[in-house]
Amino acid sequence: LAVRCGFTIVKEYVDSGKSGSLEIEKRTDFLRMIADSKRKEWEVILCWDVQRFGRLDPLKAASYKDALRTNGVHLHTCKEGVIKWDKFTDHVVDAVYAAAAHQYSVSLSQDTIRGRLDLLSQGEWPNGMVPYGYDRLYVNPDGKEYQVRRSENFKKGRNWKRRLVINEEEAKVVRWIFHEYCQNDLSMREIAKRISAPRPDGKSLSWTKDTVKATLTNKIYAGYAHIGGLRNRLRAKEAHNRVGYHEYAGAVPAIVTLEEFEIAVKKIAKNREESRKVQPSTSSPLTGILKCGHCGYRLDKHSRSD
């Protein structure tokens, strides 16, 4: 395109492996390109098609296009030709292209996830990361089974099925966490202190309150697997949210009962609402009242003898 149109390429901006429709802040080269347009070092952006420029919602993309237009820059693609933002017809054409690109991204996400939903409904594990407390069980077309630890590398064959099975060593930790929190009224921080097992992420670090909370609020331990939706804030920007929340009971073997899970979730919500910190019976009168002035954590009771 550059040779045919007589352009000289002076810079390249590449965001490999990053979504063109979500989390624009991660497209560092795209943002750098918008910022560089002010320097007047170039006046045309070349790309394969408008989708390579971006698949953002047209309203979200408007500010970036306005910045380029203000700096005297327009778009030239191999497939759609010249894209400018000066005249009425330019706005109409660009709006159609932008809306089509964004819809393609949405449809691609929906089509991709449809097959994963089918696998989930059949008891297979369609997600990448395997939760703590489970191993992977691969079954080849001949029915032969291969059980693999969740952190172990394994290359499955064509048309193999993958399910989750309980890892009893890790499941004991999960059951103990639920029991201590729901039955013995231990705080999540105290529970974390008493766990000597490796963390779920495999790092040689101690468990934390957040690690324990993530365990108590993960419904997979009650046998429920899900795809999509907004189960928590960390998933709020994932493409799978476009298809909504889909949950299947019995999709994986349960480590705790649904009743235990619901008790834990309700207890966490109640403590958060009441700003109450569950403390062990051995705590002092000031435990949970005194706070660290640096991080805001409530201080725990410690004793020593000289």
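In what follows, the structure referred to is the one given above.
Counting restarts for each chain, with residues numbered from 1 along the sequence as it is written. Only residues with pLDDT of 70 or above have their local features reported here, since the model is predicted, and side-chain atom pairs are shown and tallied only from 80 upward, although totals for entire chains, interfaces and linings are computed over all residues. Note that water and hydrogens are dropped before the side-chain values are worked out from all heavy atoms of the structure.

J.: Break down the sheet that holds strand β4 (residues 134-139) for me, citing the residues and quoting the values.
T.: Taken together, 3 strands build an open sheet; the order of strands is β5-β4-β6 and the sheet is antiparallel. Each of the sheet's edge strands pairs with one partner strand only, and the pair in question is β5 (145-148) and β6 (161-166). Each neighbouring strand pair of the sheet contributes to a mean axis angle of 30°, computed without reference to strand direction. The pairing criterion is simple: DSSP has to find at least two bridges between the two strands. Labels follow the DSSP assignment, with helices taken as runs of H or I lasting at least four residues and strands as runs of E lasting at least two, numbered in each case from the N terminus. Taken together, the 4 bridges between β4 and β5 define a ladder with antiparallel strand orientation. Bridged to Tyr-138 within β5 is Tyr-146. To get an axis, a line is fitted to the C-alpha atoms, and for a helix only the part in contact is used. The angle between two axes follows their N-to-C directions and goes from 0 to 180 degrees.

J.: Which residues make up the nonpolar core, and what values do they have?
T.: Only buried Ala, Val, Leu, Ile, Met, Phe, Trp, Tyr and Cys residues count toward a nonpolar core, and they belong to the same one when joined by side-chain atoms within 4.5 Å. Only protein chains enter the accessibility calculation, which uses a 1.4 Å probe; a residue is then buried when its area is under 20% of its type maximum, exposed when over 50%, and partly exposed in between. Among the nonpolar cores identified, the biggest contains 35 residues, and Val-212, Leu-216 and Tyr-221 are the most heavily contacted of them. For this core, the secondary-structure elements that each account for two or more residues are α5 (88-121), α6 (168-182), α7 (188-194), α8 (209-216), β7 (224-227) and α9 (258-274). A per-element tally of this core places α6 first, with 7 residues. Only heavy atoms enter the contact rule, under which two residues are in contact if any of them lie within 4.5 Å. Those residues in contact with Leu-216 that sit more than four places away from it in its chain are Ile-177, Phe-178, Tyr-181, Met-188, Phe-261, Ala-264, Val-265 and Ile-268. With 18 residues, the next largest nonpolar core counts Ile-24, Val-50, Val-73 and Ile-83 among its residues.

J.: An account of helix α2 (residues 28-36) is requested, with residue identities and associated values reported.
T.: All of the buried residues along α2 are Asp-29, Phe-30, Met-33, Ile-34 and Asp-36. Down the axis of α2, the buried side of the element spans an arc of 165°, and every buried residue falls inside it. By construction, the arc corresponds to the directions joining the helix axis to the C-beta atoms.

J.: Can you lay out the pattern of salt bridges for me, pointing to particular residues and giving the numbers?
T.: Only one rule defines a salt bridge in this text: a Lys or Arg side-chain nitrogen within 4 Å of an Asp or Glu carboxyl oxygen. On inspection of all chains with the given rule, the structure shows 15 salt bridges. When the shortest N-O distance is used, the salt bridge between Asp-36 and Lys-11 registers 3.5 Å. With Asp-36 in helix α2 and Lys-11 in the loop between α1 (2-5) and α2, this residue pair connects regions lying 25 residues apart in the sequence. Residue classification places Asp-36 among the buried positions, given a relative accessible area of 5%. Here the residues in one salt-bridge network are Lys-11, Asp-29, Arg-32, Asp-36, Arg-39 and Glu-41, joined through shared partners.

J.: Tell me about unusual backbone geometry, residues and numbers included.
T.: At Asn-159, a residue that is not glycine, the phi angle is positive and equals roughly 65°. Topologically, Asn-159 is positioned in the loop between β5 and β6. Not every positive phi belongs to a glycine, and Asp-185 is a case in point at roughly 60°. Relative to the assigned elements, Asp-185 resides in the loop between α6 and α7. A relative accessible area of 28% means that Asp-185 is categorised as partly exposed.

J.: Pulling in residues and values, what's your account of the pairing of β4?
T.: Burial runs high along β4: 6 of the 6 residues are buried. Covered by surrounding structure in β4 are Tyr-134, Arg-136 and Tyr-138 together with Asp-135, Leu-137 and Val-139, the residues of both alternating faces. Bridge analysis of β4 against β6 gives 6 bridges, and the strand direction is antiparallel. Bridged to Arg-136 within β6 is Leu-164. From the end of β4 to the start of β5, which pair antiparallel, there are 5 residues, and Gly-143 there has a positive phi angle of about 90°.

J.: Any chance you could break down the sheet that holds strand β3 (residues 81-83) for me, citing the residues and the numbers?
T.: An order of β1-β2-β3 is seen for the 3 strands of this open sheet, with the pairing classed as mixed. Two strands close off the open sheet at either side, each with one partner strand: β1 (44-47) and β3. Taking each pair of neighbouring strands and ignoring which way they run, the sheet shows an average axis angle of 25°.

J.: Provide a residue-level description of the state of the cysteines, including the pertinent values.
T.: In this description, the term disulfide denotes a pair of cysteine sulfurs within 2.5 Å. Inspection of the entire model under this criterion finds 0 disulfides. Cys-5 forms no disulfide, and the closest cysteine sulfur to it belongs to Cys-78, at a distance of 8.6 Å. Cys-5 sits in the partly exposed class, given a relative accessible area of 33%. Cys-78 provides the cysteine sulfur closest to Cys-47, a residue in no disulfide bond, and the two sulfurs are 7.7 Å apart. Judged by relative accessible area, which is 15%, Cys-47 ranks as buried.

All quantities given are derived from atomic positions and should not be read as evidence of function.
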